[in-house]
Amino acid sequence: MLSSQTPGGQTPPAAPANLTATVGTSSIVLSWSPSTNAVSYALFRGSAAGNETELVENLTGTQFTDNNVIPATTYFYKVEAVNGAGASSFSNETQAAMPGNSQPSGNSVVQIDSGSTTTVGSFVADEYADGGSVTPNVGVPIDTTKAQNPAPMEVYQTNRYGNFTYTIPNLSSGTPYILRLHFAETYWGQSGSRLFNILVNGQTVQSNLDIFAASGGKDAAISIDYPVTAQNGQLAISFQTVRDNALVSGVELLNTATPAPMTSVYQVDAGSSVPVSTFSADSFVSGGTTSQTNGTITTTGVKNAAPAAVYQTNRFGNSTYTFPGLKTGSQYTIRSHFAETYWGAAGSRLFNILINGQVAQPNYDIFAAAGGKDIATTLDLPATAQNGQITVQYQTVKDNALVSGIEVIGDGSMMSAPNPPASLHAAAGVGQVSLTWAPSSTGTYSVFRGNVAGAEEAPPIAIGLTGTSFIDKNLPNGGAVFYTVKTVSSTGTSAASNEASAIPGAAVTGAPVYQIAAGSSSAAAPFQADAFFAGGNASGGAVRQTCLQRSARLRQRSTSKSGPAAPSPIRFRTLRLGPATRCASTSTSSTGNWLVSASST
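Everything quoted here is computed from the prediction, not taken from an experiment.

Asker: So what exactly am I meant to see when it comes to the overall build of the protein chain here?
Answerer: Counting secondary structure elements, the protein chain contains 2 helices and 43 strands. By the burial criterion, 45% of the 601 residues in the protein chain qualify as buried. Here the analysis covers contacts within the protein chain between residues at least 6 apart in sequence; of these, 71% occur between residues at least 24 apart.

Below is the structure:
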């Protein structure tokens, strides 16, 4: 700085003194003592001590109100005086901390990547906009490290500029929201070059916004939050140019209502045949191939990382995961877990991720996202349940799509699970057990078996059963077997039915109630002549049927003929109510034709 008299005879001004900062509800007021010979003043601001850049110049007074401030952010300031001889040295440095929460509670209702034609993370392609023009690619990296609540860096690579309005529909009238706008000055290199106003539903919420000044420099991201209220079911956000062009890179609308706790509804270890911690074995999937690695996967510092073992397996190729039982219309987050364990350079593996058939993430590159090989990374994508489910597809663009783990995260909104089957009954036979149960309202059935009461094991011994009976065969005789049945539908899996048990090969006990020689017109002690039947024909041969008292109703179908005919029911009358009646039968036939004498309740 000049400190002596210039050739023109003018003396540079003295440094301003007594710079102070007073914090208001949404601004910071700066004031200082006047300097000798000063014509104007320049104010500098920074987010760290000793790192201030020029915020505004040509101030003729000794006070300035900084309106471009963010809650929960500390700012540092200096002032210099200026005249025709040059600028003074800096004043003392002062700082001010804005109160408030820089992360208002609430879930995102809308996330828009302004100027973009594709989805970026949870930000959808540009929509709801009217007017202005778009910059499809600013072509330079954007520093997001100093921003509060930054969007993904790719969001700042595009923007909408000029005079334009975003009209967000389908909101609750009178409901408060937080409007979060994302900016980055990628053209101008000094403050004051771009100024614009922001209006919400016709009311000004920001005057003369200067992105460069607010962010502290060029190619630096910033987000600013504004409390707003929906009117007539919508929010109209207008950007009006004051100097050069108004500009925005991203638009978010947050619901300020306290959100329900978010939990993992599903956690799946892709490619694994066994559970890993809270992650289940691979399921709900079709397509693709599984593989595993013995390499060490780095998870340190990775946001929302799964256990390292989850990244030891993967499913590659084109695959689809379908998660059932979700509440239609409810919002969820699909969190995919990745690790590039094969390729050693970016661009080697590219794939698209689709949610419910729509591309949510194009050309995903695990190596580039993670920053290297054998490093874990995660990607969150928003999803809305449709018809009680969400489908997630990984589609190859180059090499093979790949995923190591998937989580479905939500507020626990799930459809009601189906009712469990009722009245499960088990009947023992030689080397087998016959099961029957009452039907549920919807779904298929899975049967579980155990050798100890209350210890039926997964996986089930039968799945996808559409009827209400099942015969479990090839069992050892003499040992008790225990069973439960569950209903499976698009809304999930029911609780277990009642437990039933039987002992295969158990001896038949009880005294005979009826002994009938089917087809015989005369008694053959202790069997009586054929009786209690309707229909059918009789033929030669010896038939013996023993029915033991253990039931209330009994139906026997018997066929013994030299040609096909319909089975004939035999009705046994006046049986005493009891558990189940067993009928033992033997048959011979001189014609070589077959005979069936069997009964069940």
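Having seen it, we continue.
Asker: How should I be thinking about the sheet that holds strand β19 (residues 250-255) in this particular structure?
Answerer: Adjacent strands of a sheet form backbone hydrogen bonds with each other and so pair up, either parallel or antiparallel. Spatially, β10-β9-β19-β13-β16 is the arrangement adopted by the 5 strands of the open sheet, whose pairing is mixed. Across the chains shown, the open sheet's two edge strands, defined by having one partner strand only, are β10 (124-125) and β16 (221-229). Relative to β10, strand β9 (residues 108-113) is paired through 2 bridges, and the arrangement is parallel. Residue pairing for β10: Asp113 is matched across the bridge by Ala125.

Asker: Would you mind showing me how to read the pairing of strand β15 (residues 203-209) here?
Answerer: On a regular strand, each side chain points to the face opposite its neighbour's, so the side chains alternate between the two faces of the sheet. Pairing geometry for strand β14 (residues 195-200) and β15, over 4 bridges, is antiparallel. The residue of β15 that forms the bridge with Leu199 is Thr204. Connecting the antiparallel pair β14 and β15 is a turn made up of 2 residues, with Asn201 showing a positive phi of about 50 degrees.

Asker: Just checking my understanding: could you explain the environment of Ala246 for this structure?
Answerer: By the element assignment, Ala246 lies in the loop between β17 (235-243) and β18 (247-248). Between the C-alpha atom of Ala246 and that of Tyr161, which follows or precedes it by 85 residues, the distance is 5.4 Å.

Asker: Teacher, can you tell me more about the nonpolar core here?
Answerer: Grouped burial of nonpolar side chains is what soluble globular proteins tend to show. Of all hydrophobic cores here, the largest spans 29 residues; its most connected members are Leu179, Leu181, Phe183, Ile198, Phe239, Val251 and Leu253. If we ignore the near neighbours within four places in the chain, the residues touching Val251 are Val110, Gln111, Ile112, Ser114, Phe123, Tyr166, Ile168, Leu179, Arg180, Leu181 and Ile237. Membership of the second largest hydrophobic core comes to 27 residues, among which are Ile355, Ala360, Leu381 and Val403.

Asker: I would appreciate a short explanation of the sheet that holds strand β1 (residues 17-23) in the present structure.
Answerer: Strand order in the open sheet formed by 3 strands is β1-β2-β5, with antiparallel pairing between adjacent strands. The outermost strands of the open sheet, each flanked by one partner alone, are β1 and β5 (63-66). Put simply, the sheet's adjacent strands are angled 15 degrees from each other on average, direction ignored. Bridge count for β1 against strand β2 (residues 28-33) is 5 bridges, and the pairing is antiparallel. Bridge assignment links Ala21 to a residue of β2, and that residue is Leu30.

Asker: Hey, could you run me through the environment of Pro261 in this one?
Answerer: Following the sequence through the fold, Pro261 ends up in the loop between β19 and β20 (263-269). Exposure remark for Pro261: the relative accessible area of 65% places this residue in the exposed category. Here the alpha-carbon distance between Pro261 and Asp411, two residues 150 residues apart in the chain, equals 5.6 Å. Aside from chain neighbours lying at most four places away, what touches Pro261 is Gly410 and Asp411.

Asker: Looking at this structure, I do not really get the environment of Asn419. What am I missing?
Answerer: As for its position among the elements, Asn419 is in the loop between β29 (405-410) and β30 (422-429). It is 9.6 Å that separates the C-alpha atoms of Asn419 and Gly443, two residues lying 24 residues apart in sequence. Setting aside its immediate chain neighbours within four residues, Asn419 contacts Ser440, Thr487 and Ser494.

Asker: I would appreciate a short explanation of the packing of aromatic side chains in the present structure.
Answerer: Two descriptors summarise a pair of aromatic rings, namely the distance from one centre to the other and the angle between the planes of the rings. Considering all chains together, one arrives at 19 aromatic pairs under this definition. Three or more aromatic residues link up through ring pairs in this structure, and these residues are Tyr266, Phe284, Tyr321, Phe323, Phe338, Phe351, Tyr364 and Tyr394. The ring of Phe448 has Lys486 lying over it, and the distance from NZ or CZ to the ring centre is 4.8 Å.

Asker: Any chance you could explain the side chain of His337 here in plain terms?
Answerer: Here His337 shows up in strand β23 (residues 331-339). Exposure remark for His337: the relative accessible area of 0% places this residue in the buried category. Of note is the side chain of His337, whose polar atom sits 2.8 Å from the side chain of Tyr311. A polar side-chain atom of His337 sits 2.7 Å from a polar atom in the side chain of Glu407. If we ignore the near neighbours within four places in the chain, the residues touching His337 are Phe279, Asn304, Ala305, Ala306, Tyr311, Thr377, Thr378, Val403, Ser404, Gly405, Ile406 and Glu407.

Asker: Would you mind showing me how to read unusual backbone geometry here?
Answerer: Omega for the bond connecting Ala458 with Pro459 falls within 30 degrees of zero, at 5 degrees, which places this linkage in the cis form. Among the structural elements, Pro459 can be located in strand β33 (residues 457-465). Phi angles above zero are rare outside glycine, and Asn363 is one such case at about 50 degrees. Take Asn363: it is sitting in strand β25 (residues 358-364). Backbone geometry places Ser423, a non-glycine residue, at a positive phi of 60 degrees. Inspection of the secondary structure assignment puts Ser423 in strand β30.

Asker: Hey, could you run me through the pairing of β33 in this one?
Answerer: Of the strand pairs in this sheet, strand β32 (residues 444-450) and β33 are connected by 3 bridges, and their pairing is antiparallel. Each bridged residue has a counterpart across the sheet, and for Val447 the counterpart in β33 is Ala462. Between β32 and the antiparallel strand that follows it, β33, lie 6 residues; Gly454 among them carries a positive phi value of about 75 degrees.

Asker: It is not clear to me how the pattern of salt bridges should be interpreted in this structure. Could you clarify?
Answerer: Pairing between side chains of opposite charge can happen when their charged atoms approach one another. This model, assessed by the stated rule, comprises 12 salt bridges. Its salt-bridge partner being Glu185, residue Arg194 comes within 2.7 Å of it at the nearest N-O pair. Each member of the pair, Arg194 as well as Glu185, carries the same accessibility label: buried. Its salt-bridge partner being Asp472, residue Arg449 comes within 2.8 Å of it at the nearest N-O pair. Within this pair, whereas Arg449 is found in strand β32, its partner Asp472 is found in strand β34 (residues 469-472), the two being separated by 23 residues in sequence. The class for Asp472 is buried, based on a relative accessible area of 5%.

Asker: Honestly, the confidence of the model for the protein chain in this entry has me stumped. Any pointers?
Answerer: Should the pLDDT be low somewhere, the predicted coordinates at that spot are not to be read in detail. Averaged over the protein chain, the pLDDT score is 83; the fraction of residues at 70 or greater is 85%. Predicted confidence is poor over residues 542-601, with pLDDT under 50, and the contacts of this stretch with residues over four places away or in other chains come to 151 contacts.

Asker: Help me understand the side chain of Glu340, please; the structure alone is not making it clear to me.
Answerer: By secondary structure assignment, the location of Glu340 is in the loop between β23 and β24 (350-355). A distance of 3.0 Å separates the side chain of Glu340 from the backbone nitrogen of Trp343, its partner in a polar contact. Here the side chain of Glu340 touches Arg349 through a polar contact of 2.7 Å, side chain to side chain. Apart from residues no more than four positions distant in its own chain, Glu340 is found in contact with Arg349, Ile366, Phe367, Lys373, Asp374 and Ile375.

Analysis parameters
For every chain, the first residue of the written sequence is number 1, and numbering continues from 1 along that sequence. Selection of residues for local features in this predicted model requires a pLDDT of at least 70, selection of side-chain atom pairs for listing and counting requires 80 or more, and totals for whole chains, interfaces and linings are taken over all residues. Computation of side-chain values covers all heavy atoms of the structure but excludes hydrogens and water. Every helix listed is a DSSP run of H or I at least four residues long, and every strand listed is a run of E at least two residues long, numbered separately from the N terminus. Classification of residues uses two cut-offs on accessible area relative to the type maximum, computed with a 1.4 Å probe and protein chains only: under 20% is buried, over 50% is exposed, and between them is partly exposed. Here, two residues are considered to be in contact whenever any of their heavy atoms come within 4.5 Å of each other. Strand pairing is assigned whenever DSSP identifies at least 2 bridges connecting the two strands. For our purposes a nonpolar core is just a set of buried Ala, Val, Leu, Ile, Met, Phe, Trp, Tyr and Cys residues, chained together by side-chain atoms within 4.5 Å. Working convention: axes come from line fits to C-alpha atoms, limited for helices to the stretch in contact. Angles between N-to-C directions cover 0 to 180 degrees. Centre distance within 6.5 Å is the pairing criterion for rings of Phe, Tyr and Trp, where only the six-membered ring of Trp is used; planes under 30 degrees apart are then read as stacked, over 60 as edge-to-face, and the remainder as tilted. Cation placement over rings: the criterion is NZ of Lys or CZ of Arg within 6 Å of the ring centroid and within 35° of the ring normal. Polar contacts here mean pairs of N or O atoms no more than 3.5 Å apart (in protein, one a potential hydrogen donor and the other a potential acceptor; neighbouring residues in sequence count only if both atoms are side-chain atoms). Every case where a carboxyl oxygen of Asp or Glu lies within 4 Å of a side-chain nitrogen of Lys or Arg is listed as a salt bridge. Confidence of the predictor at the level of single residues is captured by pLDDT, which takes values from 0 to 100.

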